[in-house]
Amino acid sequence: MIRLYGKVEQSVMDEKILQEAVEEQGPKEEAGQISKEEGISFNAVLQLRLEYKNILKIEHLWEFTSLTKLQLNNNLIQKIEGLANLINIKWLDLSFNNIEKIEGLETLTKLEDLTFYNNKISCIENMDTLNNLTFFAIGNNCLGQLDNVIYLRRFKNLHTLNLAGNPLAQEANYKLFIAAYLSDLAYLDYRLLNGETKKQAFAKYQYAIEEIRHNELQTLKATEAEQKRQEELQQHQEAFVENLNGSQLFDSMFAQDPEAQKLNQLPGVADLPQLVGLCIQMFESGFAEQKLREAEVKAFLEVLQEAVREKQQRSAQLVSDFEKHRKKRILDLKQVEDAAKEEAQVNQYMTEIKTLCDSCLLLELQLVDQLEEIIKDFERNITDMVGSFIETVQGIYPFHTIVHSNPHYAPAPLCRDLENHLHEEIKDIAMATLEKVAKNEVEDDLPDDVRALFVDKETVMNAVGASHDSHMLRIDNREDKLVTRINAWMMNLIKKIQDEEVWRNRKCISEIQYFIQHLRNQLEEVLHHE
């Protein structure tokens, strides 16, 4: 089972050994010679065989991003590593190595066929992302616990499994256990699991299977609920109103404020139900504004893409019209014998090339001007939309008096007003309670930790004031977070649009220049050939 490497020369998986393997497996004869001279790009290689090379460590495979099949069997590999970039791989053979642990496969989500035959693996693990796995060979390893095989139930497409040669395969109920817990499996140790075997297996393990199915269903429901929650949170974050659709802000004001929790237990202290209503109002406004922003961005992109598409069509028509006459021009030049006529035709052709170049550049210049106006209009619109939303938010969360653009705007009771009201209410109740404590008239059901606050006026006022400051800070921070994030989103969006337009323009100019130079080079070749 263990391959010895003390007596053999170890190989390093460097660029040289990879290049040799690629050339060895590439085209032969003349095609192979051409490929060798021109060089083969690693990111274009689809299959790679590196077996029997005494490789000790997997490395330098980061360029093989298109690889779908990799054979690393019959080497000296001790650890699975260096495979993270092989995101398109479907077939991986690591058999006959010295691997002790399954790891390093997280990014290989397209993997279908995986072989670890003849290694030193003692546990099936760390394969959660391999949802497309259909074939798994891990025979002749050190697997000793049948229960470990239950891990493979998560692979719904698994139809072939090889465990032969492991200690667990010697268990009396090995075959029935596998057939029961992996009921969709078609082949075990390269032998068909027939219907009778599966029937016997289910009868033997029926209660255990029903229990595990129940647990899996509960886990699936919990996973789906969490996924839905995360998706909703993502939507809320994109609208910049996460955790504002309920009492989360109010709860957070007291969660890390033990003094406030104690003060809230005083008889007569009310909560802030209106604060929750304001948060929900802001949440709903934020979602509505998000839909408007999405529609604005979508409309902008449609207009921009249509302008680019129209210009591309006009440019293509210019080139098409030019091409209709180009071949005839070249043919005439090849046939002309009179030097004066040749010079006249060359000058005419060069003039046509220049006219084509000028026309294409003019179209691009006109498009740049058009897109500049489209982008400016979009910037104005999105800035107004973001400003309107911020104005609404600061109408609920004002640092100072807001002059609203709508003369009929009348904000509901504000967050800070509500907190200030609560603060004054708690302060009055606390002072009244302090007097009762001094006269020993306080109710017996007042908790001891709350009663401990009322040793003197300074202690009580410090606790009330610190709690109020903490709550105001929470409100301030939530407003700052919303305003900062939406402004950052807007600035990043505008910058991205501007950068992409600069890149598009430069790319277009380069393509025009390249094409024009190509036409001139063709003319030079014709003249030189003559």
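The text that follows walks through the structure, step by step, so that each part is easy to find. (Residues numbered from 1 in each chain as written. Predicted model: local features only at pLDDT ≥ 70, side-chain atom pairs only at ≥ 80, totals over all residues. Heavy atoms only, no water.)

1. Considerations on the overall build of the protein
A count of helices and strands for the protein gives eleven helices and eight strands. Scaling as 2.2 N^0.38, a compact globule of 530 residues should have a C-alpha radius of gyration of about 24 Å, whereas the protein reaches 37 Å, well beyond that. The principal-axis extents of the C-alpha atoms in the protein amount to approximately 120 × 80 × 45 Å. Going through the 530 residues of the protein one by one, you find that 37% of them count as buried. Excluding contacts between residues fewer than 6 apart, the proportion of contacts in the protein whose partners are at least 24 apart in sequence is 58%. Total accessible area on the protein is roughly 30400 Å²; 51% of this is exposed by carbon and sulfur atoms. Averaging the positions of the 59 positive and the 89 negative side-chain charges in the protein gives two centres separated by 6 Å. (Helix = DSSP H or I, 4+ residues; strand = E, 2+ residues; numbered from the N terminus. Rg over C-alpha atoms; globule rule 2.2 N^0.38 Å. Buried < 20%, exposed > 50% of the residue type's maximum accessible area, 1.4 Å probe, protein only. Contact = heavy atoms within 4.5 Å. Areas by Shrake-Rupley, 256 points an atom, 1.4 Å probe, with all protein chains shown as cover. Lys, Arg positive; Asp, Glu negative; His and termini not counted. Charge placed at Lys NZ, Arg CZ, Asp CG, Glu CD.)

2. Looking at the sheet that holds strand β1 (residues 47–49)
Strand order across the open sheet formed by eight strands is β1-β2-β3-β4-β5-β6-β7-β8, with mixed pairing between neighbours. Where the open sheet ends on each side, the last strands, each with one partner, are β1 and β8 (191–192). The pairing of β1 with strand β2 (residues 69–71) spans three bridges and is parallel. Note that in β2 the partner of Q47 across the bridge is K69. (Pairing = 2+ DSSP bridges.)

3. Describing helix α1 (residues 15–25)
What α1 keeps buried is the set I17, L18, A21 and V22. Considered in projection along α1, the buried side chains sweep an arc of 135° and stay on one side of the axis. In α1, the exposed positions that point more than 90 degrees away from the buried face belong to E15 and K16. At its buried positions, α1 is contacted by β1. (Arc of directions from axis to C-beta.)

4. Overview of the nonpolar core
Of all hydrophobic cores here, the largest spans 62 residues; its most connected members are L70, F136 and I178. Those elements that place two or more of their residues in this core are α1, α3 (174–181) and α4 (195–238). With residues up to four places along the chain from it excluded, the contact list for L70 reads L48, L50, L61, L83, L86, I89, W91, L92 and D93. Counting 55 residues, the second largest nonpolar core, distinct from the first, contains A239, L263, L371 and F378. (Core = buried A, V, L, I, M, F, W, Y, C linked by side-chain atoms within 4.5 Å.)

5. Notes on the pattern of salt bridges
Evaluated as defined, the whole model comprises 19 salt bridges. The shortest N-O distance in the salt bridge between K427 and E424 comes to 3.6 Å. Within this pair, K427 and its partner E424 are both found in helix α9 (residues 415–438), separated by three residues, close to a single helical turn. Classification of K427 as partly exposed rests on a relative accessible area of 25%. Several salt bridges share partner residues, and in doing so they unite E242, R478, K481 and R485 into one network. (Salt bridge = Lys/Arg side-chain N within 4 Å of Asp/Glu carboxyl O.)

6. Regarding α3
The buried fraction of α3 is high, at six of eight residues. Buried within α3 are the following residues: Y174, F177, I178, A179, A180 and Y181. On its buried side, α3 packs onto β6 (160–162), β7 (187–188) and α4.

7. Description of the packing of aromatic side chains
One pass over the structure, following the stated rule, counts twelve aromatic pairs. An angle of 20° between the planes, with centres 6.0 Å apart, marks the rings of F322 and Y349 as stacked. With F322 in helix α7 (residues 273–335) and Y349 in helix α8 (residues 339–396), this pair connects stretches of sequence that are 27 residues apart. Overall, F322 belongs to the buried group, its relative accessible area being 9%. A relative accessible area of 1% places Y349 in the buried class. Here the aromatic residues F177, Y181 and Y205 are joined through ring pairs into a cluster of three or more. Seen from the ring of Y151, R154 lies directly overhead, with NZ or CZ sitting 3.8 Å from the centre. Sitting over the ring of Y205, K204 keeps its end group 5.8 Å from the ring centre. (Phe/Tyr/Trp six-rings, centres within 6.5 Å; stacked < 30°, edge-to-face > 60°. Lys NZ or Arg CZ within 6 Å of the ring centre and 35° of its normal.)

8. What to know about the side chain of D189
Checked against the element boundaries, D189 lands in the loop between β7 and β8. One buried charge, D189, has no salt-bridge partner; the nearest side chain with opposite charge is R191, at 7.6 Å. Excluding residues that lie within four positions of it along the chain, D189 makes contacts with L161, N162, L163, A164 and Y174.

9. Brief notes about the packing of α3 against α4
Interaxial distance between α3 and α4 falls to 8 Å at its minimum, and their mutual angle equals 60°. One finds that α3 runs oblique with respect to α4. Here the hand of the crossing between α3 and α4 comes out right-handed. For the pair α3 and α4, the contacting residues are K175, L176, F177, A179, A180 and Y181 in the first and T197, Q200, A201, F202, K204, Y205, A208, I209 and I212 in the second. Its residues placed into classes, the contact of α3 with α4 shows eleven nonpolar, two polar and two charged. (Axes fitted to C-alpha atoms, helices over the stretch in contact; angles between N-to-C directions. Parallel < 35°, antiparallel > 145°, perpendicular 65-115°, else oblique. Left-handed = near helix turned anticlockwise from the far one by under 90°. Nonpolar A, V, L, I, M, F, W, Y, C, P; charged D, E, K, R; others polar.)

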